[in-house]
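This is what each chain is made of:
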There are 4 protein chains.
Amino acid sequence: MGSDRLESFSDGVLAVIITLMAFELKAPASVAWSSVSHLLPLLLVYVLSFTFVGIYWVNHHHLLRATEHISAAVMWTNLQLLFWLSLIPFATAWVGAHHGQALPAATYGVVGLGAGVAYTTLGRAILRANPNDTALARVVGRDIKGPASMVLYIVSIPLAYVSPYFSYCVFVVIAVIWFLPDRRLVKETGST
Amino acid sequence: MGSDRLESFSDGVLAVIITLMAFELKAPASVAWSSVSHLLPLLLVYVLSFTFVGIYWVNHHHLLRATEHISAAVMWTNLQLLFWLSLIPFATAWVGAHHGQALPAATYGVVGLGAGVAYTTLGRAILRANPNDTALARVVGRDIKGPASMVLYIVSIPLAYVSPYFSYCVFVVIAVIWFLPDRRLVKETGST
Amino acid sequence: MGSDRLESFSDGVLAVIITLMAFELKAPASVAWSSVSHLLPLLLVYVLSFTFVGIYWVNHHHLLRATEHISAAVMWTNLQLLFWLSLIPFATAWVGAHHGQALPAATYGVVGLGAGVAYTTLGRAILRANPNDTALARVVGRDIKGPASMVLYIVSIPLAYVSPYFSYCVFVVIAVIWFLPDRRLVKETGST
Amino acid sequence: MGSDRLESFSDGVLAVIITLMAFELKAPASVAWSSVSHLLPLLLVYVLSFTFVGIYWVNHHHLLRATEHISAAVMWTNLQLLFWLSLIPFATAWVGAHHGQALPAATYGVVGLGAGVAYTTLGRAILRANPNDTALARVVGRDIKGPASMVLYIVSIPLAYVSPYFSYCVFVVIAVIWFLPDRRLVKETGST
């Protein structure tokens, strides 16, 4: 019960983030191919960012469903997670406009890393606020996707200066890592 | 109970989509007819898009009220539906600015088709997560509006290249199909 | 219970409307008086529009707290109300940019009238869905603010062509009418 | 229970405010340092404003969790608080674009002062609506952070005309004041 408002506030922020990103897809000035074609990279990176925010929403949902108590530390680390996620529309728009450049791709990696670190911190803060909750300890404890994606984000940042397209491949790998095991986990345990 | 957060997140996204579309109605630079008149097509397509999002909200509400359990597949297909709906403001703005062109009208049809397919997939995912729910099976099973509107959206896409105005007529027909039977259904069964 | 999601969706839309209006207050290009001064009329009309949306939120809250059942007609008239309210940011931005012109002021009056008619229709739809609810019947039945403000909005539209400033005075009168009796009513009955 | 919708509406507004601010971080026109460097002050003031809105969310959460009844006065003072908070994205964007000027810094101080006064007024309105609630009286009564930050905001306004950077230092001090004691308080009392 304590986490109701935390969840609804987080849902509100995630809902606005997802929709604002789509708002960056401005209607092209004409219907000529030259006007339309530059939308395609932005659309692709929008699909990627939408997937990331969706992954966070699903995992945040699982994590907080398993939570009975929240502390001030939980509220503040949750705000920290929302802060990093709120930068995703900016990073998305920048990558969409300059997909061949290193700096936007590296920035996208930094934002992803920040969100990943905040999410891991949130999991630990929730665990500290619910020390006797073994189900929660199991969910947080066996998280290997978090550390793995943080390593990959760290790799993606310098890699952008070799080629930003390598970084994009790393981002897709991270999305796949989160997407697949999550569905398997749910089937395994039979819970939703 | 399991679907509470799914509903509130979806409501948040739909609320932002509806309001962002209105935000595309920029205040004209002057009050001269030449400045104001180009707003009228955008206002008309806004009314159409608002109606579509309203239809989705009402039907999503009915579908999830009948749902007891949600699964990971329900969460992901719901996100897929929200993805397609999040592209409606883009398609609306584009059609509003270039209503005489084929490409924006065809894009609107593609977005509508994507949302329709995702909604049908969502209904089936919910049914799989609640296999013994006969009330739900009846709601999802007798859905002929979904397939009918998907066929019409498919027709609307090439039709835009004959004339985009034919596509707009198809969109209005789709809205009417969803609007009317929904009210009749409610009266028939006496439920809300 | 039936109205939970209706309320949360409406809250979402109203929250976005209120915040998007503030987003029209663009940071001036410089700190010179000539850049800053044109913000003042927009700020004033923002205060007025914020007050209107606040009045709708408070009254919507009272109306739906008194409601047990909702029908399809309630959902659709509520969407109609949200449609008109979603045009307020547009009307606000236009009046803010061209406060000396008749057409934006008249448009603001039309939007206000549309919202007023939709709100009255919503009250009646709720009453039809809850025919035996005497508390609700009393709330809806003794509403004289609704008809009064509709008459005033109708007056404000042609009045804008005499002078838009007369229309603004009418809008302020409407806000005062809603604001004062609402607080008195609550004190009278002792309910919130 | 009476405060549910007040909380969800406030959450919606705060969620949009936080995310709209990030939307002011427009993707730079190029990846050259000259294009990117002007984003840094905006990013810094965004971090500050995000922190302020986060502080309001956490405190609003604590205040309303302790509340059983709400009155019309609570609803209206809450709307007043949301009004001032809705101006934060504007003040943030302006300071971010003209961080060396006095007027935007002073405006930021005025907006902060307005929000502070509204929050204090809200606390008192809630107390009047729940006269026998000693836990609430303790929370509101021992609030020294509110008066302290109002004094600091008042100081920050003329100080901007000495140097806006002095005002920014005052804003950081205010954030620290709210942030630290809040966590200490929670640990002390053992409540969340």
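Our subject is the structure listed above.
Since we're looking at a predicted model, the values are computed, not measured.

**Q** Teacher, can you tell me more about the overall build of chain A here?
**A** For chain A, the helix and strand inventory stands at nine helices and zero strands. Taking 192 residues into account, the globule formula puts the C-alpha radius of gyration at 16 Å, and chain A, at 18 Å, falls close to it. The buried share among the 192 residues of chain A stands at 51%. In chain A, 78% of the contacts between residues at least 6 apart in sequence involve partners at least 24 apart.

**Q** How should the interface of chain B and chain A be read in this particular structure?
**A** When the parts come together, some accessible area is lost, and that loss is often what is quoted as the size of the interface. Between chain B and chain A, the residue contacts involve 28 residues of the former and 24 residues of the latter. Looking at the side of chain B that touches chain A element by element, the count peaks at eight residues for helix 1 (residues 4–23) of chain B.

**Q** When you look at the interface of chain A and chain D in this model, what are you seeing that I'm missing?
**A** Contacts between chain A and chain D engage 28 residues on the former and 24 residues on the latter. Those elements giving two or more residues to the side of chain A that touches chain D turn out to be helix 1 (4–23), helix 4 (72–86), helix 5 (88–97) and helix 6 (102–129) of chain A. Looking at the side of chain A that touches chain D element by element, the count peaks at eight residues for helix 1 of chain A.

**Q** Quick question: what am I supposed to make of the arrangement of the chains here?
**A** When C-alpha atoms are compared, chain A and chain C, though not in contact, are closest at a spacing of 8 Å. Contact between chain B and chain D is absent, and the least distance between their C-alpha atoms amounts to 8 Å.

**Q** Teacher, can you tell me more about the relation of the copies chain A and chain D here?
**A** Note that the two copies of the chain are related through a rotation about an axis and a translation along the same axis. When chain A is fitted to chain D, the best match, at an RMSD of 0.0 Å, comes from turning it 90° and sliding it 0.0 Å along the axis. One copy is carried onto the other by what is essentially a four-fold rotation axis. Closest to the rotation axis within chain A is the C-alpha of G12(A), separated from it by 4.1 Å. Comparing contact sets, just 11% of the residues at the interface of chain A also lie at the interface in chain D, consistent with a heterologous contact between different surfaces.

**Q** I'm lost on the relation of the copies chain B and chain A in this one. Help?
**A** For these two chains of identical sequence, chain B goes onto chain A by a turn of 90° and a shift of 0.0 Å along the axis, with RMSD 0.0 Å. Looking at the interface residues of chain B, only 11% of them are also at the interface in chain A, so each copy uses its own face.

**Q** Explain helix 1 of chain A here, please?
**A** Owing to its 3.6 residues per turn, the α-helix aligns residues three or four sequence positions apart on the same side. With 20 residues, helix 1 of chain A ought to run about 28 Å at 1.5 Å a step, and its terminal C-alpha atoms sit 29 Å apart, in line with that. Among the 20 residues that make up helix 1 of chain A, 19 are buried, leaving the element largely enclosed by the rest of the structure.

**Q** Even after reading the chapter, I still don't get the packing of helix 5 (residues 88–97) of chain D against helix 6 (residues 102–129) of chain D, so can you show me in this structure?
**A** The relative placement of two packed helices is expressed as an angle between their axes plus a distance between the axes. Residues and elements named next belong to chain D. Running from amino to carboxyl end, helix 5 crosses helix 6 at an angle of 160°, the nearest separation of the two axes being 9 Å. By the angle class used here, helix 5 and helix 6 are roughly antiparallel. Here helix 5 and helix 6 pass one another in a crossing that is left-handed. For the pair formed by helix 5 and helix 6, the contact residues are I88, A91, W94 and V95 on the first element and P104, A105, T107, Y108 and V111 on the second.

Criteria and cut-off values
Residues numbered from 1 in each chain as written. Chains lettered and ligands numbered in written order. Predicted model: local features only at pLDDT ≥ 70, side-chain atom pairs only at ≥ 80, totals over all residues. Helix = DSSP H or I, 4+ residues; strand = E, 2+ residues; numbered from the N terminus. Rg over C-alpha atoms; globule rule 2.2 N^0.38 Å. Buried ≥ 20, exposed ≤ 12 C-beta atoms within 10 Å, placed from the backbone. Contact = placed C-beta atoms within 7 Å. Least-squares fit on C-alpha atoms with pLDDT ≥ 70 in both. Expected span 1.5 Å × (residues − 1). Axes fitted to C-alpha atoms, helices over the stretch in contact; angles between N-to-C directions. Parallel < 35°, antiparallel > 145°, perpendicular 65-115°, else oblique. Left-handed = near helix turned anticlockwise from the far one by under 90°.

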